[in-house]
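Residue strings, one per chain:
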Amino acid sequence: MKQYRIGDFARHLGVTSDFLKHYEAAGLLKVQHRESGYRYYTFDQSAKVISCMRLRNYGVTVKEMGAMHTDDPDKVFGLLDKKSEELEATVSRLQAVIGEHKRMRRWYEAHKGTMIDWEIREMEPRYFLPHTDEQDFRKDDRIFELLKDWGMWMPVTKSALKVEISGSGTENTIHWGFAVRESLLKRYQIPVNDVLERIEFGKCFVCHFCGLPDAFSMRLLSEGAHPAWSQMKQLGFRPCGTAILEVEMRFSDEADTHNDGFGRILIPIKKEPTVFF
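Structural notes, computed from the coordinates. (Residues numbered from 1 in each chain as written. Predicted model: local features only at pLDDT ≥ 70, side-chain atom pairs only at ≥ 80, totals over all residues. Heavy atoms only, no water.)

## Focus on the overall build of the chain
Here comes step 1: When you go through the chain residue by residue, the secondary structure sums to nine helices and 14 strands.
Here comes step 2: Taken along the three principal axes of its C-alpha coordinates, the chain extends 105 × 40 × 35 Å.
Here comes step 3: Partitioning the contacts of the chain with sequence separation of at least 6, the portion at a separation of at least 24 is 71%.
Here comes step 4: Put simply, the chain shows about 16,200 Å² of open surface, and 51% of that area lies on carbon and sulfur atoms.
Here comes step 5: Placing the 40 positive and 41 negative side-chain charges of the chain at their respective mean positions leaves the two points 5 Å apart. (Helix = DSSP H or I, 4+ residues; strand = E, 2+ residues; numbered from the N terminus. Contact = heavy atoms within 4.5 Å. Areas by Shrake-Rupley, 256 points an atom, 1.4 Å probe, with all protein chains shown as cover. Lys, Arg positive; Asp, Glu negative; His and termini not counted. Charge placed at Lys NZ, Arg CZ, Asp CG, Glu CD.)

## Structural notes on the pattern of salt bridges
Pairing between side chains of opposite charge can happen when the charged atoms of each approach one another.
Here comes step 1: Taken as a whole and assessed by the stated rule, the structure comprises 22 salt bridges.
Here comes step 2: Close ionic contact of Lys158 with Glu248 constitutes a salt bridge, the shortest N to O distance being 3.0 Å. Of this pair, Lys158 sits in strand β8 (residues 158-164) while Glu248 is found in strand β13 (residues 242-251), placing the two residues 90 residues apart along the sequence.
Here comes step 3: Take Lys158: its relative accessible area is 7%, and that puts it in the buried class.
Here comes step 4: Residue Glu164 pairs with Lys162 through a salt bridge whose shortest N-O separation is 3.0 Å.
Here comes step 5: Classification of Glu164 as partly exposed rests on a relative accessible area of 30%.
Here comes step 6: The network of salt bridges with shared partners includes Glu100, Arg103, Arg126, Lys158, Glu246, Glu248 and Arg264. (Salt bridge = Lys/Arg side-chain N within 4 Å of Asp/Glu carboxyl O. Buried < 20%, exposed > 50% of the residue type's maximum accessible area, 1.4 Å probe, protein only.)

## Overview of unusual backbone geometry
Peptide bonds are mostly trans, and most non-glycine residues show a negative phi.
Here comes step 1: Cis geometry marks the peptide bond from Met154 to Pro155, where omega comes out at 10°.
Here comes step 2: Note that Pro155 resides in the loop between α6 (141-152) and β8.
Here comes step 3: Its identity as a non-glycine residue notwithstanding, Glu134 has a phi of 55°, on the positive side.
Here comes step 4: Along the chain, Glu134 falls in the loop between β6 (132-133) and β7 (136-137).
Here comes step 5: With a phi angle near 60°, Asp214 is a residue other than glycine that sits in the positive phi range.
Here comes step 6: With respect to the helices, strands and loops of the structure, Asp214 is situated in the loop between β11 (202-210) and α8 (218-223).

## Looking at the packing of helix α2 (residues 17-25) against helix α3 (residues 45-58)
Here comes step 1: Where α2 contacts α3, the axes come no closer than 12 Å and their chain directions differ by 95°. Taken together, the axes of α2 and α3 are roughly perpendicular relative to one another. Every residue of α3 that contacts α2 at Phe19, Leu20 and Tyr23 is listed here: Val49, Cys52, Met53 and Arg56.
Here comes step 2: Looking at the contact of α2 with α3 residue by residue, the classes come out as six nonpolar, no polar and one charged. (Axes fitted to C-alpha atoms, helices over the stretch in contact; angles between N-to-C directions. Parallel < 35°, antiparallel > 145°, perpendicular 65-115°, else oblique. Nonpolar A, V, L, I, M, F, W, Y, C, P; charged D, E, K, R; others polar.)

## Regarding the packing of aromatic side chains
Here comes step 1: Across all of its chains, the model carries seven aromatic pairs by this definition.
Here comes step 2: Taking the centre distance of 4.9 Å and the plane angle of 5° together, the rings of Phe9 and Tyr41 count as stacked. Of the two residues, Phe9 is situated in helix α1 (residues 6-13) and Tyr41 in strand β3 (residues 39-42); the sequence distance between them amounts to 32 residues.
Here comes step 3: Given a relative accessible area of 4%, Phe9 falls into the buried group.
Here comes step 4: Between Tyr108 and Phe262, the aromatic rings sit 5.1 Å apart at their centres with planes inclined by 35°, giving tilted as the arrangement. Here Tyr108 is found in helix α5 (residues 73-111), whereas its partner Phe262 is found in strand β14 (residues 260-271), with 154 residues between them in sequence.
Here comes step 5: You can call Phe262 buried: its relative accessible area is 16%.
Here comes step 6: Site record: aromatic cluster; members linked through ring pairs are Tyr4, Phe9 and Tyr41.
Here comes step 7: Over the face of the ring belonging to Tyr40 we find Arg34, whose NZ or CZ atom lies 3.9 Å from the ring centre.
Here comes step 8: Note that Arg264 overlies the ring of Trp107, its terminal NZ or CZ placed 5.1 Å from the centroid. (Phe/Tyr/Trp six-rings, centres within 6.5 Å; stacked < 30°, edge-to-face > 60°. Lys NZ or Arg CZ within 6 Å of the ring centre and 35° of its normal.)

## Observations regarding α1
Here comes step 1: Three or more residues of α1 are buried, namely Ile6, Phe9, Ala10 and Leu13. Buried residues of α1, viewed axially, fall in a sector of 95°; they line one side. For α1, the exposed residues set more than 90 degrees away from the buried face come down to Arg11 and His12.
Here comes step 2: Tucked into the core, α1 has its buried residues touching β1 (3-5), α2, β3 and α3.
Here comes step 3: Following α1 by one or two positions, Gly14 adopts a phi angle in the positive range, close to 75°. (Arc of directions from axis to C-beta.)

## Focus on the sheet that holds strand β2 (residues 32-33)
Here comes step 1: Read from one edge of the open sheet, three strands run β1-β3-β2, paired in antiparallel fashion. Of all strands in the sheet, those with a lone pairing partner are β1 and β2, marking the two edges.
Here comes step 2: Bridge count between β1 and β3: three bridges; the pairing is antiparallel. Within β3, the position partnered with Gln3 by the bridge is Thr42.
Here comes step 3: Those strands touched by α2 are β2 and β3, and its axis lies near 80° from that of β3. (Pairing = 2+ DSSP bridges.)

Taken by themselves, the reported measurements are silent on function.
The structure is reproduced here in structure tokens:
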């Protein structure tokens with residue numbers, strides 16, 4: 001039977017030499033090693049390579065493949081059923097990411113060139129996964145149960161700052177975390193547990209920002225001195241409840257000397273009473 005050197009064999013099958021070496025090391029391919037140091041493959045090994053390629057596309061690991069080449073069909077289809085379900089879940093997540101990107105792009109086109117834009121509207125609740133107290137990471141196993149999955153769902157989930165607005169003249173309390181709209185959390189069945197906080201807004205002052213300096217300044221948000229607060233107060237509104245800053249995109253230079261980007265702040269509001277003299 002004709003034999004092929006590794007480079008030629010790989011080229012005929014549309015794979016790389018490293019691919020063949022990897023599957024050889026796992027015991028899935030038979031290879032002849034010549035004294036010259038070259039690897040040679042017989043033609044019949046091409047069927048094994050093609051089988052490995054097919055299983056790889058399902059997401060079957062090299063460790064799992066060994067049994068699948070010798071196991072009974074029911075077990076093989078059982079494993080492939082599971083892998084197919086995992087692929088469907090991945091496709092759903094990727095479609096959601098693409099959909100959110102298109103929404104972000106439309107939002108950017110509507111707001112670019114305007115450092116601050118605002119509107120008053122009813123906002124749907126957000127679910128918030130707390131991650132920090134100020135700049136200290138929280139130590140809570142319930143957070144770690146969700147953190148990887150919530151990170152995988154970005155930008156559907158968003159890096160966010162929760163601002164607990166003080167009504168007593170003291171500074172606001174700041175927490176970093178992740179936020180997601182309630183409808184998206186339910187639609188995509190993003191994992192939940194009892195560490196999550198459901199934040200209701202009702203009527204909101206929504207401040208959109210593009211390229212705003214210090215847009216993510218924890219100090220300004222804590223002091224209630226953020227430009228969004230100033231704009232809101234000029235319109236005769238006062239904050240109430242809990243605000244959320246959602247990060248769409250963030251920029252910094254190598255020296256990390258600036259802190260701007262794109263996003264929005266959602267601030268629940270009440271109208272200041274009119275005073276007559």
